[in-house]
Amino acid sequence: MDKRILFFDIDGTLIDEEKDIVPESAVQALKKAKENGSMLFLCSGRCLAIIPEDIMALGFDGMVGGCGTYIEIGGEEVYHHVLPEDLQKEVVQDLMRYHIDGVLEGRDCSAFRHDYWMPVVKSIFKENGIFAQKASFAARTQCFWEEEFSFDKMALWFDESSDMESFRRKYEGEFEFILRDPTFYEVVPRGISKATGIQFVCQRLGIDIGQSIAFGDSANDISMLQAAGLSVAMGGGNPILFDQVDYVTDPVMEDGIANAMKYFNII
């Protein structure tokens, strides 16, 4: 069996987004891969505050969170990209000014505006910080934009009442805007990505990045899929990935993770 360092997205990759579970085949595949000598890392857009605790309990050696803004290895924080305080305050003021809804995500909290209105954000807040109505994703801490907090990245939703274009133009030099659906941007500091997170981990551990395999399903996974030695897209994921990866596996609930690991001789 090949020993590799494996990086996994969470939503739509490890967890089925309809059933809100990690299939048993994936749980067993992760366990077997680790027994065979591979290292396991999460590589998620989620910041630490909203990483599902039951996911962390599956035996990962570390995590790249917040699209590369936060990294842990062996339970120890080894990297945290902190936005300047004045920039954070200006961003919050402009989100209010341009009437943009969303969640400002950081290591310690997920923050909301008091007058949140977009349906997805309502669901997130109603379920105490649950992301996209997933019952296993209770946030550790939740607060409001008017309070004292710090954030690393943003998940922004908007509608016809929002001036997202003006906000994006103002901050496109500071942030990368990843369009996840027609009313949703994931916004990450420029120069930071899942790819830089993978590179940091491999360099820190003295592992050739060519020994890495990345698993993902959506647009914010493109950078890590391109950076890794080998790349896997989940069947049922965003089709834009399919011609950019080394292997398209089956959907989550059809043993996609396990089948990809078998294909690459990990288990």
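Look a little higher up for the structure.
Scope of this entry: the structure provided in the associated data block. Predicted model only: the values in this text are computed from it and were never measured.

Next up on the list: the pattern of salt bridges. Applying the stated criterion across every chain yields a total of 17 salt bridges. In this structure, glutamate 77 engages arginine 107 in a salt bridge whose closest nitrogen and oxygen atoms are separated by 3.0 Å. Of this pair, glutamate 77 sits in strand 5 (residues 76–80) while arginine 107 is found in the loop between strand 6 (101–105) and strand 7 (110–112), placing the two residues 30 residues apart along the sequence. According to the relative accessible area criterion, glutamate 77 is partly exposed, its value standing at 37%. When its relative accessible area of 28% is taken as the criterion, arginine 107 is described as partly exposed. Through salt bridges that share partners, Glu90, Asp94, Arg97 and Lys170 make up one connected network.

Before going further, it helps to examine the sheet that holds strand 7. Pairing in this open sheet of six strands is mixed, and the strands run 8-7-6-9-11-10 from one edge to the other. Two strands in the sheet have a free side with no partner beyond their single neighbour: strand 8 (142–144) and strand 10 (175–181). Put simply, the sheet's adjacent strands are angled 25° from each other on average, direction ignored. Across five bridges, strand 6 lies against strand 9 (residues 153–157) in antiparallel orientation. By the bridge assignment for strand 9, glycine 102 is matched with leucine 156. Those strands touched by helix 3 (residues 85–97) are strand 6, strand 9 and strand 10, and its axis lies near 5° from that of strand 9.

This next bit is on the side chain of serine 212. With respect to the helices, strands and loops of the structure, serine 212 is situated in strand 12 (residues 212–216). Owing to a relative accessible area of 0%, serine 212 belongs among the buried residues under this scheme. Polar side-chain contacts of serine 212 include one of 3.0 Å to the backbone nitrogen of glycine 229. If we skip the residues at most four places from it in the chain, serine 212 touches Ile5, Phe7, Ile198, Cys202, Ala228, Gly229 and Leu230.

Rules and cut-offs
- For every chain, the first residue of its written sequence is number 1, and the numbers climb from 1 along that sequence.
- Where local features are concerned, this predicted model is filtered to residues with pLDDT of at least 70; where side-chain atom pairs are given and counted, the filter is 80 or more; whole-chain, interface and lining totals use all residues.
- To get the side-chain values, take all heavy atoms of the structure and skip hydrogens and water.
- Salt bridge criterion: a side-chain nitrogen from Lys or Arg within 4 Å of a carboxyl oxygen from Asp or Glu.
- Each helix is a run of DSSP H or I of at least 4 residues and each strand a run of E of at least 2, with the numbering of both proceeding from the N terminus.
- Burial status follows relative accessibility: with a 1.4 Å probe on protein chains alone, a residue under 20% of its type maximum counts as buried, one over 50% as exposed, and anything between as partly exposed.
- In this analysis, strands are considered paired if DSSP registers two or more bridges between them.
- Fitted lines through C-alpha atoms give the axes, limited to the stretch in contact for helices. The angle between two N-to-C directions lies from 0 to 180 degrees.
- Two residues form a contact once any of their heavy atoms are found within 4.5 Å.
- N or O atoms closer than or at 3.5 Å make up a polar contact, with two conditions inside protein: a donor-capable atom paired with an acceptor-capable one, and, for residues adjacent in sequence, both atoms drawn from side chains.

Read these as spatial facts, not as claims about activity.
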